[in-house]
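Below are the chains, spelled out letter by letter.
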Amino acid sequence: MSLKVDETRRDGWTVLHVCGELDLVSSPVVRQRVHDAVAAGRHDVVLDLSEVFFCDSSGVGVLVASRRLMRSCQGRLRLILPAHGAEDGSHVNRVLAALGVRRLFDVYADALVATVEGAEPLSA
């Protein structure tokens, strides 16, 4: 399956809605979209991963690199990883937790909460 990335703006945030598989072949698309947002001066980015049903190590690498990029430009990166859906929550959430990097990210349940100033992230 291919990857689809749609962009919207909400309350000063760029929301990239990612749908499909985040793997070796498709993860460069997400990396480029994050870089494009930063190059355009948009330093508050939400990656909506609620419709990503598969994520491999290259996908995780893109998420970590995106976090690093946003921090380097004093920007903010927030992830949307729903707590329920599949048996134990989203696939991406389980992968990040298994690799021990879930705590690096501010995670929210949906775009409405993720784009609110002062909103508290979900616990890791």
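The structure under discussion appears in the preceding block.
Residues numbered from 1 in each chain as written. Predicted model: local features only at pLDDT ≥ 70, side-chain atom pairs only at ≥ 80, totals over all residues. Heavy atoms only, no water.

A. Geometry of the environment of Val 62. When you line up the elements, Val 62 lands in helix α2 (residues 57–72). Val 62 has contacts with Ser 27, Val 30 and Arg 31, leaving out every residue within four places of it along the chain. (Helix = DSSP H or I, 4+ residues; strand = E, 2+ residues; numbered from the N terminus. Contact = heavy atoms within 4.5 Å.)

B. Region of interest: the sheet that holds strand β2 (residues 13–22). Read across the open sheet, the five strands follow the order β1-β2-β3-β4-β5; overall the sheet is mixed. Each edge of the sheet is formed by a strand with only one pairing partner; in this case those strands are β1 (4–10) and β5 (106–108). Strand-to-strand twist across the sheet, computed as the mean angle between neighbouring axes with direction ignored, equals 25°. Two elements, strand β4 (residues 76–80) and β5, share three bridges in a ladder whose sense is parallel. Paired with Leu 79 across the bridge in β5 is Val 107. (Pairing = 2+ DSSP bridges. Axes fitted to C-alpha atoms, helices over the stretch in contact; angles between N-to-C directions.)

C. Molecular detail of the packing of helix α1 (residues 27–39) against α2. The interhelical angle for the contact between α1 and α2, taken along N-to-C directions, is 10°, at an axis separation of 9 Å. On the basis of their axis angle, the class for α1 and α2 is roughly parallel. Residues Ser 27, Val 30, Arg 31, Val 34, His 35 and Val 38 of α1 pack against Ser 58, Gly 59, Val 62, Ala 65, Ser 66, Leu 69 and Met 70 of α2. Residue composition of the contact of α1 with α2, by class: seven nonpolar, five polar and one charged. (Parallel < 35°, antiparallel > 145°, perpendicular 65-115°, else oblique. Nonpolar A, V, L, I, M, F, W, Y, C, P; charged D, E, K, R; others polar.)

D. Spotlight on the pairing of β1. With seven bridges connecting them, β1 and β2 associate as antiparallel partners. Bridge pairing in β2 places Lys 4 opposite Cys 19. Taken together, β1 and the strand that follows it, β2, pair antiparallel across an intervening segment of two residues, in which Asp 11 is found at a positive phi of about 50°.

E. Focus on the side chain of Thr 115. With respect to the secondary-structure elements, Thr 115 resides in the segment after α4 (111–114). At 3.1 Å, the side chain of Thr 115 forms a polar contact with the side chain of Arg 10. Within the structure, the side chain of Thr 115 is placed 2.8 Å from the backbone oxygen of Ala 111, a separation counted as a polar contact. Sequence-distant contacts of Thr 115, defined by excluding residues within four places in its chain, comprise Arg 10, Asp 11, Trp 13, Val 15, Val 46 and Arg 78. (Polar contact = N/O pair within 3.5 Å; in protein donor to acceptor, adjacent residues only side chain to side chain.)

F. Representation of the nonpolar core within the structure. Grouped together as the largest cluster of nonpolar side chains are 29 residues, with contacts concentrated most on Val 30, Leu 47, Leu 49, Leu 63, Leu 79, Val 92 and Leu 96. Counting residues per element, the ones that place at least two in this core are β2, α1, β3 (44–55), α2, β4 and α3 (91–99). Setting aside anything within four residues of it in sequence, one finds Leu 49 in contact with Val 18, Leu 63, Leu 79, Ile 80, Leu 81 and Val 92. By size, the runner-up hydrophobic cluster in this structure holds seven residues, among which are Trp 13, Tyr 108, Ala 114 and Ala 119. (Core = buried A, V, L, I, M, F, W, Y, C linked by side-chain atoms within 4.5 Å. Buried < 20%, exposed > 50% of the residue type's maximum accessible area, 1.4 Å probe, protein only.)

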